[in-house]
Amino acid sequence: DAGVTQSPTHLIKTRGQQVTLRCSPKSGHDTVSWYQQALGQGPQFIFQYYEEEERQRGNFPDRFSGHQFPNYSSELNVNALLLGDSALYLCASSLGGMGNQPQHFGDGTRLSIL
Amino acid sequence: LAKTTQPISMDSYEGQEVNITCSHNNIATNDYITWYQQFPSQGPRFIIQGYKTKVTNEVASLFIPADRKSSTLSLPRVSLSDTAVYYCLPSKENTPLVFGKGTRLSVIA
């Protein structure tokens, strides 16, 4: 039973570029959430996708966008990259909702902006 | 959601019991308390969740007093592999998880 998988594991970009990160949820899960974790900080919620729609969004600019596919996998897109976007991007999956549902996290994509 | 306060760091020797206390004075009636563990270069991993009194699983115990203004995660007989960051989060339905900085536990041989 595969857990949450994310790709790529590491990525280096330059300022102004665009990036797409990918996530496959744990088998049987239908909800995907994305988090950004800066060094030394806890993960910060970006948004959540359910039934191919963005259901909730944290305090992130619209340079951050996403998509969920019919097979429940998801993509996170970030446009016009800034140095401050350097972070570990985590994907978490769950069944149905958030909050009380334990979320299963992948090991993240480490994004470095030069 | 309620704001939580945890110690920034803790040290322990192998084989000892470790208790990490989290303060959440303004926790809402329908909030649960959830703990996650995170190793370096990995995503957080769910450890345990509770609402009131005591919950125990194969990994840890969680104690929540009657007033629910704090909770204590108890790790029995820690080993070097328990070195990680531990996060305490109030959680409820249809609300995103809000992580603080967590408690960095270092287990020493």
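Please read these numbers as outputs of a predicted model, since none were measured by experiment.

Caption draft 1: Representation of the layout of surface pockets in the model. Residue and element names in this part refer to chain B. As a volume, the largest pocket reaches approximately 420 Å³. Elements that contribute at least two residues to the lining of the largest pocket include exactly β8 (84-91) and β9 (103-108). Here the lining of the largest pocket is built from residues that sort into 10 nonpolar, 10 polar and 3 charged.

Caption draft 2: Region of interest: the confidence of the model for chain B. Put simply, chain B has an average pLDDT of 93, and 98% of its residues get 70 or more. Within chain B, strand β5 (residues 53-56) of chain B has the poorest average pLDDT of any element, 94, and β9 of chain B the best, 98.

Caption draft 3: Region of the structure containing the sheet that holds strand β7 (residues 64-68) of chain A. All names here are of chain A. Strand order in this open sheet of 4 strands is β1-β3-β8-β7, and the pairing throughout is antiparallel. This sheet does not close on itself; its edge strands, each paired only once, are β1 (5-7) and β7. Adjacent strand axes in the sheet meet at a mean angle of 20° when their direction is disregarded. Bridge count between strand β3 (residues 19-24) and strand β8 (residues 74-78): 5 bridges; the pairing is antiparallel.

Caption draft 4: Spotlight on unusual backbone geometry. Serine 7 of chain A connects to proline 8 of chain A through a cis peptide bond whose omega is -10°. For alanine 80 of chain A, which is not glycine, the phi dihedral falls at a positive 45°. By secondary structure assignment, the location of alanine 80 of chain A is in the loop between β8 and β9 (87-94). The phi angle at arginine 77 of chain B is positive, at roughly 45°, despite the residue not being glycine. Within the element layout of this structure, arginine 77 of chain B appears in the loop between β7 (70-75) and β8. On the basis of relative accessible area, arginine 77 of chain B is assigned to the exposed category, the value being 65%.

Caption draft 5: Quick look at the environment of isoleucine 20 of chain B. All names here are of chain B. Note on placement: isoleucine 20 falls in strand β2 (residues 18-23). In the structure, isoleucine 20 is positioned 33 residues away from threonine 53 in sequence and 16 Å away in space, judged by C-alpha atoms. Dropping the residues within four chain positions of it, isoleucine 20 is found in contact with Gln6, Pro7, Met10, Trp35, Ser71, Thr72, Leu73, Tyr86 and Thr103.

Caption draft 6: Quick look at the sheet that holds β9 of chain B. Residues and elements named next belong to chain B. Taking strand neighbours across the sheet as the criterion, the 5 strands line up as β1-β9-β8-β3-β4 in an open arrangement whose pairing is mixed. In this open sheet, the two edge strands, each paired with only one partner strand, are β1 (9-13) and β4 (45-50). Here the average twist between neighbouring strands, direction ignored, is 25°. Pairing analysis gives 3 bridges linking β8 to β9, with the strands arranged antiparallel. Looking across to β9, one finds that valine 85 is bridged to arginine 104.

Definitions and limits used
- Throughout this description, residue numbers start from 1 for each chain and increase along the sequence as written.
- All chains are assigned letters beginning at A, and all ligands numbers beginning at 1, according to the order in which they are written.
- This being a predicted model, a pLDDT of at least 70 is required before a residue's local features are given, and a value of 80 or more before pairs of side-chain atoms are given or counted; all residues contribute to the totals for chains, interfaces and linings.
- Hydrogen atoms and water are omitted, and side-chain values are computed over all heavy atoms in the structure.
- Grid spacing is 1 Å over the protein atoms alone, the probe is 1.4 Å, and a cavity is where that probe fits but cannot get out, while a pocket is an open set with protein on both sides within 12 Å along at least five of seven lines and lining residues have an atom within 4 Å of a point.
- Grid points are joined across faces, edges and corners, and a volume is the space filled by probe spheres set on the points.
- Put simply, DSSP marks the helices as runs of H or I at least four residues long and the strands as runs of E at least two long, and each gets a number from the N terminus on.
- Amino acids are sorted into nonpolar (Ala, Val, Leu, Ile, Met, Phe, Trp, Tyr, Cys and Pro), charged (Asp, Glu, Lys and Arg) and polar (every other residue, Gly among them).
- The pLDDT value expresses, per residue, how confident the predictor is, ranging between 0 and 100.
- Should DSSP find at least two bridges between two strands, the strands are regarded as paired.
- Here, axes are lines fitted to C-alpha atoms. For helices the fit covers the stretch in contact, and angles between N-to-C directions go from 0 to 180 degrees.
- Throughout, exposure labels follow a simple rule: accessible area from a 1.4 Å probe, protein chains only, divided by the maximum for the residue type, with under 20% read as buried, over 50% as exposed, and the rest as partly exposed.
- Note on contacts: a residue pair qualifies if any of its non-hydrogen atoms lie within 4.5 Å across the two residues.

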